[in-house]
Amino acid sequence: MIELNGVHKSFGKVEVLKGITASVQKGEVVCIIGPSGSGKSTILRCINGLESYDRGEISVEGLKVDRDAASIVAIRTQVSMVFQRFNLFPHRTALENVIEGPLFVKREPRAQAYERGRALLARVGLAEKADVHPPQLSGGQQQRVAIARALAMQPKAILFDEPTSALDPELVGDVLGVMRKLADEGMTMVVVTHEMGFARDVADRVLFIDGGVIVEQGPAKALLNQPQHPRTQDFLRRVLHPL
Amino acid sequence: MKRFWHDAAEFFPILMNGVALTIIVTIGSLLLSTVLGLIWAMMRVSGIRVLSMLSASLINVIRGIPIIVLLFYLYFVMPDLGVTLSALQAAILGLGIAYSAYQAENFRAGIEAIDKGQIEAAQSIGMGWWLTMRRVVLPQAVRIVLPPYGNVMIMMLKDSSQASTITVAELALQGKLIASSTFKNTNVFTLVALMYLTMSIPLILLVRHFEKRAGKR
């Protein structure tokens, strides 16, 4: 449902994506791994048009992603995003964060939006935090509210941009647990992550990106257990055995 | 001292007429400058080159002209161009326009202080530019903008005295008229100063309240 074909992207003189070709099938969980600055996040941000790309083509369900076209709104309501730093709206409660999109973008009836919003908060284990403002929540709780906010748009896919990187280590599990549940329910997910355990156990496929190109890709377990490319081997060794 | 209180009692009712006009001019130009300032600021951050450049030059032109000249222009020059304004209208319009430049810069600073992640989050749930502004950026920018906005209110209250130059009989002009007919300069202008101060103090307290609230988060 998500297709990238020869995507190039530069920030000024620095080319961060040098011809990315990949696809994500419906119901698939794809993890993108790789060193910092390799272009992982940029790929995600191009898919929902937060970033423009210079060459190549990205399409979602056959619709071309063009951040300057009116169709970008339709794409964004179908492909939600969860950010590294949560980006919850601090002036609204957890529940209001969740129903903001349904209420004002999708124009859902109020009662229905509230009801769905509460159900979604319950689903991420935060039913009792509905009326709390984000600054009063822990990082893990905030990220789970952000996942509920993404789900509230009833998206066909969710992009996760390093969803656990800003969390205290002991809170990572809660968020990954919610994500695993989503994956089990058949949600299409593209996850940029450093959590190799999650990638191995939950992802269908893993892409290893370095220097703006896909160095290696394949089924999660195979790629992580028996990487073929020397750069992948080197990266995984450093991540898994830093000492 | 006794004389002062005697004079004060005598002049107070006349000066109160001036106070009424001072308040009308201040509130009128505050509203106008807020609306105009918001428009300039939105044009400035719209991302549309023509609009943002137009707004930037407008702001510079307005900032570069003294309020008093702006007032003279509206009151004395506009009739030659076929537009006749009453002194009160010209005062509100002139002060409103003059202050819209400062308001715009204040609003813009507030809008630009909002974390980019907030805008991206709004976009990622399908919000367009206007919805993002209305639901996400402006409600958060208000907290940042309010303390300087309060300061602008105080400055406007005092600068409304410039309307006296185009015959608006607000507090300063009333004072001047009484002083020139009674020669009681000291008592009259002390009274006028005290009356401005009395009106400013609640505003000063308001600013302090805004600052406390903005500092909370």
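Structure shown above.
As the structure is a computational prediction, the values presented were derived from the model and not from experiment.

## Focus on the state of the cysteines
Residue and element names in this part refer to chain A. For the coordinates displayed, the defined rule picks out zero disulfides over all chains. Unpaired in this structure, C46 has its nearest cysteine sulfur neighbour in C31, at a distance of 19 Å. On the accessibility criterion, C46 (0% relative accessible area) is buried.

## A word on empty space enclosed by the protein
Residues and elements named next belong to chain A. Taken as a whole and judged by the stated rule, the model has three cavities of 30 Å³ or more. Looking at the largest cavity, the residues that line it are L4, I20, A22, V24, V30, I32, I43, I47, V190 and L207. Elements represented by at least two residues in the lining of the largest cavity include exactly β2 (14–24), β3 (29–33) and α1 (40–47). Here the lining of the largest cavity gets three residues from one element, more than from any other, and that element is β2. In terms of lining residues, the second largest cavity is bounded by R123, V124, L151, V178, K181, L182 and E185. Here the lining of the second largest cavity takes three residues from helix α6 (residues 169–184), the largest share from any one element.

## Thoughts on unusual backbone geometry
Backbone geometry places E61(A), a non-glycine residue, at a positive phi of 50 degrees. With respect to the secondary-structure elements, E61(A) resides in the loop between β4 (55–60) and β5 (63–64). Its identity is not glycine, yet T167(B) carries a phi of approximately 70 degrees, on the positive side. Relative to the assigned elements, T167(B) resides in the loop between α6 (129–159) and α7 (171–182).

## Examining the interface of chain A and chain B
Opposite the 23 residues of chain A that make contact, chain B presents 18 residues. A buried area of about 1,800 Å², summed over both sides, lies between chain A and chain B, and 56% of it is on carbon and sulfur atoms. For the pair chain A and chain B, the number of links is two salt bridges. R45(A) is the partner of E120(B) in a salt bridge, and the nearest nitrogen-oxygen pair spans 2.6 Å. Inspection of the chain A/chain B interface yields six residue pairs in polar contact (both at pLDDT 80 or more). For the side of chain A that touches chain B, the secondary-structure elements that each account for two or more residues are α2 (71–78), β6 (79–82) and α3 (94–104) of chain A.

What counts, and where the lines are drawn
Residues numbered from 1 in each chain as written. Chains lettered and ligands numbered in written order. Predicted model: local features only at pLDDT ≥ 70, side-chain atom pairs only at ≥ 80, totals over all residues. Heavy atoms only, no water. Disulfide = S-S within 2.5 Å. Buried < 20%, exposed > 50% of the residue type's maximum accessible area, 1.4 Å probe, protein only. 1 Å grid on protein atoms, 1.4 Å probe; cavity = no way out; pocket = protein on both sides within 12 Å on 5 of 7 lines; lining within 4 Å. Points joined across faces, edges and corners; volume = space filled by probe spheres on them. Helix = DSSP H or I, 4+ residues; strand = E, 2+ residues; numbered from the N terminus. Contact = heavy atoms within 4.5 Å. Buried area = accessible area lost by both parts, 1.4 Å probe. Salt bridge = Lys/Arg side-chain N within 4 Å of Asp/Glu carboxyl O. Polar contact = N/O pair within 3.5 Å; in protein donor to acceptor, adjacent residues only side chain to side chain.

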